[in-house]
Amino acid sequence: MDTQNTPIHLRLWHHDFWRLLFANMLLAMSVYMLIPVLPQWLGERGIVDGKLSMAMVMGAYGVGLFVFGPFSNYLIQRYRRNHVCVWSMVALMLVMAGMWACIKENESWHMDEWTFVALRLLLGVAFGLAQIVFSSTLVIDATESFQRTEACHASAWFARFAFSLGPCLSLLVNSYFSFEVTMAVAIALLAGSVVLLQMVHFPFRAPDDLTKVVSTDRFFLTNGKWLFINLMLITTVMGLIMTLPLTARFYAMLMGGFLIALLSEKYVFADADLKSEALTGMLSLGTSLLLMAYRGNIPVVLFVAPVLTGFGIGLIGSRFLLFFIKLSEHCQRGTSQSTFFLAWESGISLGLFLGYAFPASAVSTLLHFCLPLLVVSFVLYNFFVHPWYVKHKNR
């Protein structure tokens, strides 16, 4: 196909870009698959016994995300960027295989919670580096400069769908088979991601000899710190929700909310006020929390609440991603993508830690804890973060 005479949208959606999108989705799905089923199996096998122990296991992942971040730019410059991503995914497969083996052979190996704290930490290390390279470099390098905002937006949506598809798939597989089969499926998804990524050609680029070993390039957008904190608070609510005994239906309906949010972006919020999308998302998420807390036993709420949750977090994610991009200066687009990813995942991890460290005696109690956190996020965004963003944006 002659790309010089092809409309922009057709040039963007070429076969290599599709492979990247699905590789990113499979990568994220494999990690999200562990969130609903791993605590259940660790508890049933007697490997982790206690609130704080489970919280450390699930929260260690969030710490690992930041380990290789300061070195990511050096690694990408020193080695071929796609190879760094592939080897990170191979390391992720080995960590998951280690989890599988430890749980399967627990009676003979006598594993304890610290083994899984270490494994979850390594999971975060490998996934963090893979996603930083993926979002900050590979997706951007695969598109023309005038298409990169659209490309980043598309890649983020595919990862967002993985947020619902991964847990939904794991709950279904676990209910019909076993945890071992669930882990095997997660590893198979990672293998599929590696294959898709290997099918994409990335031209060789000579490394920059002046690259520092430690830097914030492709890692953290320092002038986006307030957006980072605000988004992390919101996704902490999502992490707390994910510690509840949710069903595969909840995650399926969550994906329905994502689809509505995606369509709303195009047809409802195209010409709306700049802050309306994020505020609507937070109000939608708050409405879902109220429904689950006070009307959770009504059948219709089981369908409406997750749709509102997906709609809300989908709008928030898209708007904050665009804000990060617009805060970045020239050649910082990749750094903005990594910062968005870290804010999103840090909040999820913090929510998981808090949810397991301080388990509520009732579902409504935990949801009541989520509501004030969301109110703080709403007030912070409306009265400080958004005015600050408008003043400091660069695009």
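Conventions adopted
- Residues numbered from 1 in each chain as written.
- Predicted model: local features only at pLDDT ≥ 70, side-chain atom pairs only at ≥ 80, totals over all residues.
- Heavy atoms only, no water.
- Helix = DSSP H or I, 4+ residues; strand = E, 2+ residues; numbered from the N terminus.
- Rg over C-alpha atoms; globule rule 2.2 N^0.38 Å.
- Contact = heavy atoms within 4.5 Å.
- Areas by Shrake-Rupley, 256 points an atom, 1.4 Å probe, with all protein chains shown as cover.
- Lys, Arg positive; Asp, Glu negative; His and termini not counted.
- Charge placed at Lys NZ, Arg CZ, Asp CG, Glu CD.
- Axes fitted to C-alpha atoms, helices over the stretch in contact; angles between N-to-C directions.
- Parallel < 35°, antiparallel > 145°, perpendicular 65-115°, else oblique.
- Left-handed = near helix turned anticlockwise from the far one by under 90°.
- pLDDT = per-residue confidence, 0-100.
- Polar contact = N/O pair within 3.5 Å; in protein donor to acceptor, adjacent residues only side chain to side chain.
- Buried < 20%, exposed > 50% of the residue type's maximum accessible area, 1.4 Å probe, protein only.

Participant: Teacher, can you tell me more about the overall build of the protein here?
Facilitator: Tallying secondary structure elements over the protein gives 16 helices and 0 strands in all. Relative to the compact-globule value of 21 Å for 395 residues, the protein shows a C-alpha radius of gyration of 20 Å, a close match. Partitioning the intrachain contacts of the protein with sequence separation of at least 6 by distance along the chain shows that 88% fall at a separation of at least 24. With an accessible surface of roughly 16,800 Å², the protein has 66% of that area assigned to carbon and sulfur atoms. Placing the 25 positive and 21 negative side-chain charges of the protein at their respective mean positions leaves the two points 7 Å apart.

Participant: What is the right way to read the packing of helix α3 (residues 34-44) against helix α10 (residues 179-198) from this model?
Facilitator: A pair of packed helices can be characterised by two numbers: the angle between their axes and the separation between those axes. The geometry of α3 relative to α10 is characterised by a closest axis approach of 11 Å and an angle of 150 degrees between their N-to-C directions. With respect to their mutual orientation, α3 and α10 come out roughly antiparallel. When you trace α3 past α10, the crossing you get is left-handed. Within the contact between the two elements, α3 uses Leu34, Val37, Leu38 and Trp41 and α10 uses Phe179, Glu180, Thr182 and Met183.

Participant: What is the right way to look at the confidence of the model for the protein in this model?
Facilitator: Low pLDDT marks regions whose predicted coordinates should not be analysed in detail. The predicted model of the protein averages 88 in pLDDT, with 92% of residues at 70 or higher. Within the protein, the element-level pLDDT minimum falls on helix α1 (residues 8-12), averaging 44, and the maximum on helix α11 (residues 225-241), averaging 96. Confidence over residues 1-11 falls short of pLDDT 50; this stretch has 8 contacts with residues more than four positions distant or in other chains.

Participant: What should I look at first to understand the side chain of glutamate 180 in this one?
Facilitator: In this fold, glutamate 180 is placed in helix α10. A distance of 3.3 Å separates polar atoms of two side chains, one belonging to glutamate 180 and the other to serine 178.

Participant: Please explain the side chain of threonine 235 as it appears in this structure.
Facilitator: Following the sequence through the fold, threonine 235 ends up in helix α11. The buried category is assigned to threonine 235, whose relative accessible area is 0%. Within the local environment of threonine 235, its side chain forms a polar contact with the backbone oxygen of tryptophan 344, the two atoms lying 3.3 Å apart. Not counting residues up to four positions away in its chain, the partners in contact with threonine 235 are Ile313, Ala343, Trp344, Gly347 and Ile348.

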